[in-house]
Structure formats: C-alpha cells, structure tokens
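Report on the structure
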Number of protein chains: 2
Amino acid sequence: MSSVASTPDPPYVAVVFTSTRTDKGREAYDEAATRMIALAHEQPGFLGIESARGADGLGITVSYWQDDEAAGAFGRVMEHREVQRSGRDEWYATFALRVCRVERVRTFEAD
Amino acid sequence: MSSVASTPDPPYVAVVFTSTRTDKGREAYDEAATRMIALAHEQPGFLGIESARGADGLGITVSYWQDDEAAGAFGRVMEHREVQRSGRDEWYATFALRVCRVERVRTFEAD
C-alpha cells in the first residue's frame, strides 16, 4: 500500500498494529500480510488501510473501520484467526494492537 | 525507532501521521524527522512514538500523548512549526494527520 488512505469524516475506528518480527518464515509472512490486506478490503465496514515496515524492522499497519463492531468482526474472521496464530507462534517478536476512535483529521495534498 | 512503544493503560491520545514524500530535500528531511522525534520526547505528556517508512515510500508515525492538550501543544512548538512549513512547502506530496483516542490495547511478547 503506497498511499495515504482516503477516509470519510470522523468519527470512525482506527486499529493501530505495531510489530517487530522474528527471523522466521519471511516468505510465508509476506504472503500472509498481503493476503490479510486483501481480506480486510472485503469486510463490511472497511474504510481503508495503511502499512509500512521500515529498514530497522518496525512495522506499522493502521486499518480504518466504520465502527467497533466492524473492526472486531475482522479480528474474528476464521482465515484471519489462523494467521494470527502463526503470528504469535512464529512471526512476531513483539506487537501492540491499539483500538482507537478517530476524532479529528487534517489532510494535505501538494499543488 | 525500532521498537513497539510501551505506553500506560488507556485512555490516551494517538496522533497517526501518514505521508508520502516528494523527491525533494532528502537529507534535510531525514535530519528534521530525527530531530522531531527527539523534540517529541522532551514535551510534557509525551508517552511514546513509533515510526516506519516502507520501501514503497509510505511513511507512518504514531505518537502517543497523555491527553489532547499535550498532543496539541507539540504541534505548536515553534521549532516544530518551522518544520511543518518545510513539510508542506517541500517534503510531503500528501499527508493525513489523525487525532485519535486510544480505547483498548493488546500487547504480545514472544517467549
């Protein structure tokens, strides 16, 4: 994902997922990450997603949802749950998942 | 910053800043970005910061603050305002700044 997500006016929900990786399963992880982004797009109440992993290994993915229910439902999709298990068992050294309510937004586009 | 921020129990404020860069001023930008992270650490009410820019050019920085007032005050620090001006005039093609209230957190650390 190489662009800033275009989202409706707040309020809506942002799920900020920050992680560091182990050195295990790079190919399987990359494949699952791409697939999860596609899966998110198919869910009811999905508004957008932004994802970046820096050269130092820290990854941040922010997904945007219409409401808490939509955000929570994606976490319980069976295919997503299976990937979450691999994440805890193999791929992630650490992570934090923060569920947030977006209150104000400012956007900018250069001329 | 290569680690997941360690933050107190919610509620607190997250400022999610997502951007794409122009091709201008790479060195000056990198220097300013590093300096702004250091400056954030010095502010009252600062709780943590996470930052990543992916190979495709999308950058995500999430800063965490005790409350709205602390988050807003950092935006008005003079040195930060000067950097914001350079950001709009030169460095950013697009950005979105989303002010959020963190409601729930789940963390993980591998054994």
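In what follows, the accompanying structure is described. (Residues numbered from 1 in each chain as written. Chains lettered and ligands numbered in written order. Predicted model: local features only at pLDDT ≥ 70, side-chain atom pairs only at ≥ 80, totals over all residues. Heavy atoms only, no water.)

Digging into the relation of the copies chain B and chain A
Superposition record for chain B on chain A: RMSD 0.0 Å, screw rotation 180°, translation along axis 0.0 Å. Interpreted geometrically, this transformation is the action of a two-fold axis. A share of 100% of interface residues in chain B that are also interface residues in chain A marks the association as one of identical surfaces. (Least-squares fit on C-alpha atoms with pLDDT ≥ 70 in both. Contact = heavy atoms within 4.5 Å.)

Some thoughts on the side chain of Arg98(A)
Along the chain, the position of Arg98(A) falls in strand 4 (residues 92-109). Since its relative accessible area comes to 1%, Arg98(A) is described here as buried. Of note is the side chain of Arg98(A), whose polar atom sits 3.3 Å from the side chain of Glu50(B). Residues within four places of Arg98(A) in sequence aside, it is in contact with Ala14(A), Val15(A), Val16(A), Thr18(A), Ala5(B), Thr7(B), Tyr12(B), Glu50(B), Tyr64(B), Val102(B), Arg104(B) and Val105(B). (Helix = DSSP H or I, 4+ residues; strand = E, 2+ residues; numbered from the N terminus. Buried < 20%, exposed > 50% of the residue type's maximum accessible area, 1.4 Å probe, protein only. Polar contact = N/O pair within 3.5 Å; in protein donor to acceptor, adjacent residues only side chain to side chain.)

Comments concerning the pairing of strand 2 (residues 46-53) of chain B
All names here are of chain B. In terms of residue burial, strand 2 counts as a mostly covered element, since six of its eight residues are buried. The pairing of strand 2 with strand 3 (residues 59-65) spans seven bridges and is classified as antiparallel. Bridge pairing in strand 3 links Ala-52 to Ile-60. Linking strand 2 back to strand 3 in an antiparallel pair, the connection comprises five residues, with Gly-57 at a positive phi of about 100°. (Pairing = 2+ DSSP bridges.)

Some thoughts on the packing of helix 1 (residues 26-41) of chain A against helix 3 (residues 78-91) of chain A
Packed helix pairs are characterised by how far apart their axes lie and by the angle those axes make with each other. Residue and element names in this part refer to chain A. At a closest axis distance of 11 Å, the pairing of helix 1 and helix 3 adopts a crossing angle of 150°. Here helix 1 is positioned roughly antiparallel relative to helix 3, judged by the angle of their axes. With respect to the hand of their crossing, helix 1 and helix 3 are arranged in left-handed fashion. Residue-level contacts link Ala-28, Tyr-29, Ala-32, Arg-35, Met-36 and Leu-39 of helix 1 to Glu-79, His-80, Val-83 and Trp-91 of helix 3. Among the residues forming the contact of helix 1 with helix 3, the class breakdown is seven nonpolar, one polar and two charged. (Axes fitted to C-alpha atoms, helices over the stretch in contact; angles between N-to-C directions. Parallel < 35°, antiparallel > 145°, perpendicular 65-115°, else oblique. Left-handed = near helix turned anticlockwise from the far one by under 90°. Nonpolar A, V, L, I, M, F, W, Y, C, P; charged D, E, K, R; others polar.)

Here's the deal with the interface of chain B and chain A
Frequently, the measure chosen for interface size is the accessible area removed from exposure when the parts meet. Across the boundary between the two partners, chain B contributes 42 residues, which contact 42 residues of chain A. Looking only at chain B, the three residues that lose the most surface to chain A are Val4(B), Arg98(B) and Phe108(B), adding up to 19% of its buried area. On the surface where chain B and chain A come into contact, there are four salt bridges. The tally of links between chain B and chain A comes to 25 residue pairs in polar contact (both at pLDDT 80 or more). Elements that contribute at least two residues to the side of chain B that touches chain A include exactly strand 1 (12-21), strand 2, strand 3 and strand 4 (92-109) of chain B. Looking at the side of chain B that touches chain A, its residues break down into 21 nonpolar, 10 polar and 11 charged. One ladder, built from 15 bridges, connects strand 4 of chain A with strand 4 of chain B; its direction is antiparallel. Residue pairing for strand 4 of chain B: Arg106(A) is matched across the bridge by Leu97(B). (Buried area = accessible area lost by both parts, 1.4 Å probe. Salt bridge = Lys/Arg side-chain N within 4 Å of Asp/Glu carboxyl O.)

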